[in-house]
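Here is what each chain is made of, one letter per residue.
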Amino acid sequence: MVRADLLSDTLTQPTPAMRQAMASADVGDDVYGEDATVNALQERVADLLGHEAGLFTPSGSMANQLGLRLHVAPGAEMVCDSLAHVVRAELGAAAALAGITSRTWSSDRGVLDAADPLGLMITGAGAYQVNTSLVVVENTHNFGGGTVQSLETIRDLRRGTQAAGVAMHLDGARLWNAHVATGERLADHGQQFDTVSVCLSKGLGAPVGSVLVGSTAAIDEARIWRKRYGGGMRQGGILAAAGLHALDHHVDRLADDHSRARRTAQACAEAAPGCVDPEHVETNIVILDVGRAGWAATTLVAAALDQGVRAYAVGAGTVRLVWHLDVDDAATDHAIDVLTGLLAKGPSA
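Given the structure is predicted, the values throughout are model-derived calculations rather than measurements. (Residues numbered from 1 in each chain as written. Predicted model: local features only at pLDDT ≥ 70, side-chain atom pairs only at ≥ 80, totals over all residues. Heavy atoms only, no water.)

A.B. asks: How do you make sense of empty space enclosed by the protein when you look at a structure like this?
C.D. replies: Empty space left among the atoms is revealed by rolling a probe the size of a water molecule over them. Using the criterion set out here, one finds 1 cavity of 30 Å³ or more in the structure. Computed from the structure, the largest cavity encloses a volume of approximately 40 Å³. Element by element, the count of residues in the lining of the largest cavity is highest for strand E5 (residues 132-138), at 3 residues. (1 Å grid on protein atoms, 1.4 Å probe; cavity = no way out; pocket = protein on both sides within 12 Å on 5 of 7 lines; lining within 4 Å. Points joined across faces, edges and corners; volume = space filled by probe spheres on them. Helix = DSSP H or I, 4+ residues; strand = E, 2+ residues; numbered from the N terminus.)

A.B. asks: Looking at this structure, how should I read helix H2 (residues 36-48)?
C.D. replies: Over its 13 residues, H2 extends 18 Å from the first C-alpha to the last, a length consistent with the 18 Å expected when each residue adds 1.5 Å. Turning to H2, its buried residues are Thr37, Val38, Leu41, Gln42, Val45 and Ala46. The buried residues of H2 occupy an angular sector of 165° when projected down its axis, which confines them to one face. Structural note: H2 exposes Glu43 and Asp47 on the side pointing more than 90 degrees away from its buried face. (Expected span 1.5 Å × (residues − 1). Buried < 20%, exposed > 50% of the residue type's maximum accessible area, 1.4 Å probe, protein only. Arc of directions from axis to C-beta.)

A.B. asks: Teacher, can you tell me more about the side chain of Thr340 here?
C.D. replies: In this fold, Thr340 is placed in helix H14 (residues 329-345). Accessibility expressed as a relative area gives 16% for Thr340, which makes it buried.

A.B. asks: It is not clear to me how the packing of helix H13 (residues 297-306) against H14 should be interpreted in this structure. Could you clarify?
C.D. replies: To characterise two packed helices, one gives the angle between the axes of the helices and the distance between these axes. Relative to each other, H13 and H14 sit at 135°, their axes nearing to 10 Å. Regarding the angle of H13 to H14, the classification is oblique. Read as a crossing pair, H13 and H14 show a hand that is right-handed. Residues Leu300, Ala303 and Ala304 of H13 form the contact with H14, whose participating residues are Val338, Leu339, Leu342 and Leu343. Residue composition of the contact of H13 with H14, by class: 7 nonpolar, no polar and no charged. (Axes fitted to C-alpha atoms, helices over the stretch in contact; angles between N-to-C directions. Parallel < 35°, antiparallel > 145°, perpendicular 65-115°, else oblique. Left-handed = near helix turned anticlockwise from the far one by under 90°. Contact = heavy atoms within 4.5 Å. Nonpolar A, V, L, I, M, F, W, Y, C, P; charged D, E, K, R; others polar.)

A.B. asks: Explain the side chain of His250 to me, please; I cannot follow it from the model alone.
C.D. replies: Its location among the elements puts His250 in the loop between helix H11 (237-249) and helix H12 (254-271). Of the polar contacts made by the side chain of His250, one reaches the backbone oxygen of Leu204; its length is 2.8 Å. The residues contacting His250, other than those within four sequence positions of it, are Thr15, Met18, Gly203, Leu204, His245 and Leu325. (Polar contact = N/O pair within 3.5 Å; in protein donor to acceptor, adjacent residues only side chain to side chain.)

A.B. asks: Explain the packing of aromatic side chains to me, please; I cannot follow it from the model alone.
C.D. replies: How two aromatic rings sit relative to each other is given by the distance of their centres and the angle of their planes. Within the structure shown, the criterion is met by 1 aromatic pair. The ring of Phe143 is capped by Arg88, whose NZ or CZ atom sits 4.4 Å from the centre of that ring. (Phe/Tyr/Trp six-rings, centres within 6.5 Å; stacked < 30°, edge-to-face > 60°. Lys NZ or Arg CZ within 6 Å of the ring centre and 35° of its normal.)

A.B. asks: Which parts of the structure should I look at to understand the sheet that holds strand E3 (residues 77-81)?
C.D. replies: The strands that make up a sheet pair up through hydrogen bonds in the backbone, lying either parallel or antiparallel. Judged by pairing direction, the sheet is mixed, and its 7 strands sit side by side in the order E2-E8-E7-E6-E5-E3-E4 without closing on themselves. Single-partner strands in this sheet number two, and they are strand E2 (53-57) and strand E4 (101-105). Taking the axes of each pair of neighbouring strands and ignoring which way they run, one obtains an average angle of 20° across the sheet. (Pairing = 2+ DSSP bridges.)

A.B. asks: Before we go on, may I ask you to explain the pattern of salt bridges in this structure?
C.D. replies: Pairing between side chains becomes possible if they bear opposite charge and their charged atoms approach one another. One pass over the structure, following the stated rule, counts 15 salt bridges. Arg44 serves as the salt-bridge partner of Asp248, at 2.8 Å between the closest nitrogen and oxygen. Pair noted here: Asp248 is in helix H11 and Arg44 is in helix H2, with a separation of 204 residues, a long-range link. Residue Arg155 is joined to Glu152 by a salt bridge in which the shortest nitrogen-to-oxygen separation is 2.8 Å. Remark: Glu152 and Arg155 occur in helix H7 (residues 151-164); sequence separation between them is 3 residues, near one turn of the helix. By relative accessible area, Arg155 is classed as partly exposed at 26%. In this structure Glu152 comes out as partly exposed when scored by relative accessible area, which is 47%. (Salt bridge = Lys/Arg side-chain N within 4 Å of Asp/Glu carboxyl O.)

A.B. asks: So what exactly am I meant to see when it comes to unusual backbone geometry here?
C.D. replies: With glycine set apart, most residues show a phi of negative sign, and most peptide bonds adopt trans. In this model, Asn139 is joined to Thr140 through a cis peptide bond whose omega is -5°. Turning to its location among the elements, Thr140 is positioned in the loop between E5 and H7. Phi angles above zero are rare outside glycine, and Leu91 is one such case at about 60°. Relative to the helices and strands, Leu91 resides in the loop between helix H4 (85-88) and helix H5 (93-98).

A.B. asks: Would you take a moment to explain H14 for this structure?
C.D. replies: An α-helical segment advances 3.6 residues per turn. Residues three or four places apart therefore align on the same side. With 17 residues, H14 extends 24 Å from end C-alpha to end C-alpha; this agrees with the ideal 24 Å at 1.5 Å per step. When H14 is considered as a whole, its buried residues turn out to be Ala331, Thr332, His334, Ala335, Ile336, Val338, Leu339, Thr340, Leu342 and Leu343. Close packing links the buried residues of H14 with strand E1 (4-5), H12, strand E9 (285-289), H13, strand E10 (309-310) and strand E12 (318-322). By the N-cap criterion, in which a side-chain oxygen at the helix start approaches the backbone nitrogen of a residue two or three places on, H14 is capped by Asp328, the distance to Ala330 being 3.2 Å. At the C-terminal side of H14, Gly346 shows a positive phi close to 85°.

These figures capture arrangement, not role.
This is the structure:
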């Protein structure tokens, strides 16, 4: 029996109140733009992020891929860091579906340094090299361990990309977490980018859906491509209602996830010094370097599961833990007991 499911924050179950909101949603045909609940969600998210319009999509990957396609012509280039979700976890969709090429820079824990993308970009190359059309930033950074990007660094990057005529897209699947961790306005981040995707089905706890925001013209074009990609939904308001409920009730509580993640990181650092730096745990994700305690990631994951804790091996010696609204203090305490015991004893115990 799993007592602490830390595999991902996509595992959340809709709360009874969210299910009620879904059941009573005012719906219509969203392909024709006639679903009042979808329209309300799109308008609200766009307003929160400081953009003109929004588009509800079935997944974060689709929202990202629509954003990339808007800015990059086939054969042209986007640049992002080497651990970015758009190149590591979207199955090569940018290349397979839109003919987009990519190059990456390396970063420590996904932390953005504006000099990296600005130094990587190539513009004005004519017919001799691939030109850079887009820089992608991820905030918070999933595989970096929930890293929050500095708003000042983003502004520095924006000044450089604007001068070069290069667009910017934010993969803000967990931007809500960055907002809660820093207290910074969502719009202060959103307005630095030409397009932004945000997810409703991770920490916010909705069962399905993301929203892409941008200019009215960009979202009009994205709506066409959403249909081409098979993402047009009919009575989507049943799903959009969950997103609206989440925005009303599940944003501020993300601070609880952050606190539980930090508490676990502190305990693991004491059990196995060097496996994690608690100061680097800013939001709801903990990356453990279990190799420092002699573990292979898959071996530790299996051992933890035997004791009711589910985690994710993200590398040969690294394990990811993710907190969400279905992991309370009791589940966190159990996870701490199991993980610290395993880390302290090592695989041969």
